[in-house]
Amino acid sequence: MEYMVELQHLTKVYEKTHAPAVRDVSLILPRGRIIGLLGPNGSGKTTLIKMLNGLLKPNAGRILFMGAPIGVETKKHFAYLPDRTYLHDAQKISDVLLMFRDFYEDFDLNRAMEMLNNLKVDPSRRLQTLSKGTKEKVQLILVMSRRADLYILDEPIAGVDPAARDYILHTIVSHHSGNSSVLISTHLISDVEPVLDDVIFLRNGGVLLYDSAEHIRQSNGKSVDGYFREVFAC
């Protein structure tokens, strides 16, 4: 497998707590994989994702994309879905599509329109008129309509109904190519487990486990979700 992103001894300490949110994390993310970033609240998942996207600077360590330090150029290769919306409710879907087309060179407007049509969502509607589930789908469509190397999704199925979860997971699988990878942070492990190739367990800001989902199931005789519950039992 081709190595794409490498994290080298990454550490992030917040001034208010003086405790590491991420501590000495070293990982390699290869191409063509769907990877679950899993851990309880406070384990460092969102902090790690923000550093990958250049939104936070590490106190120590570095992140490389194809051997080069991440920066303005590497951001073109990452598509990020944050855990909170950054879109203005008064915007029309069509306006957001055009904004993404103008901002991202790799944005495929035809792909986005096709997915909206499959959902029977009128692009002239304003975001404030959409249900939470439909709004989540639209935001995912925006991200997955880019021709990115790495899709980074922070809690993409949180707070939506099962039907919306199924659509979101189907979209992730069907629109990621063998040349790209997807990093999914979630606490709804049983829902995403069927699509995962690899799994990262985080605990207290450090990597507890990085293995293939299949090997976890075979070596432990239980699902990834079941093993997670065992490892992180209170």
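Analysis parameters
Residues numbered from 1 in each chain as written. Predicted model: local features only at pLDDT ≥ 70, side-chain atom pairs only at ≥ 80, totals over all residues. Heavy atoms only, no water. 1 Å grid on protein atoms, 1.4 Å probe; cavity = no way out; pocket = protein on both sides within 12 Å on 5 of 7 lines; lining within 4 Å. Points joined across faces, edges and corners; volume = space filled by probe spheres on them. Helix = DSSP H or I, 4+ residues; strand = E, 2+ residues; numbered from the N terminus. Nonpolar A, V, L, I, M, F, W, Y, C, P; charged D, E, K, R; others polar. Pairing = 2+ DSSP bridges. Axes fitted to C-alpha atoms, helices over the stretch in contact; angles between N-to-C directions. Contact = heavy atoms within 4.5 Å.

Student: When you look at empty space enclosed by the protein in this model, what are you seeing that I'm missing?
Tutor: Over the atoms, a rolled probe matching the size of one water molecule traces out where space is still vacant. As enumerated under the stated definition, the model contains one cavity of 30 Å³ or more in all. If you add up the space inside the largest cavity, you get close to 30 Å³. Contributing to the lining of the largest cavity are L7, L27, L29, L37, L48, L52, L183 and I200. Among the secondary structure elements, those contributing two or more residues to the lining of the largest cavity are β2 (20-30) and α1 (45-52). Tallied by class, residues from the lining of the largest cavity come to eight nonpolar, no polar and no charged.

Student: Help me out: how do you make sense of the layout of surface pockets in this one?
Tutor: Estimates place the volume of the largest pocket at around 510 Å³. What lines the largest pocket is a set of 18 residues, among which K75, F78, F103, Y104 and R146 lie closest to the centre. When contributions to the lining of the largest pocket are tallied by element, the ones reaching two or more residues are α2 (72-75), β6 (78-81) and α3 (93-103). In terms of residue count, the dominant contributor to the lining of the largest pocket is β6 (three residues). Lining the second largest pocket are 18 residues; nearest its centre among them are M51, G54, L56, P58 and I70. For the lining of the second largest pocket, the secondary structure elements donating two or more residues are α1, β4 (60-65) and α2. When residues of the lining of the second largest pocket are assigned to their parent elements, the largest contribution, three residues, is made by β4.

Student: So what exactly am I meant to see when it comes to the sheet that holds strand β3 (residues 34-38) here?
Tutor: Backbone-to-backbone hydrogen bonds join strands into a sheet, with any given pair of strands oriented parallel or antiparallel. The strand order across the open sheet formed by six strands is β6-β7-β8-β3-β9-β10, and the pairing between neighbours is mixed. Two strands close off the open sheet at either side, each with one partner strand: β6 and β10 (206-212). With direction set aside, neighbouring strand axes in the sheet form an average angle of 15°. Examined bridge by bridge, strand β9 (residues 198-203) and β10 share six bridges and lie antiparallel to one another. Paired with V199 across the two strands is D211, which belongs to β10. Contacts from helix α5 (residues 132-144) reach β6 and β7 (150-154), with the element oriented near 170° to β6.

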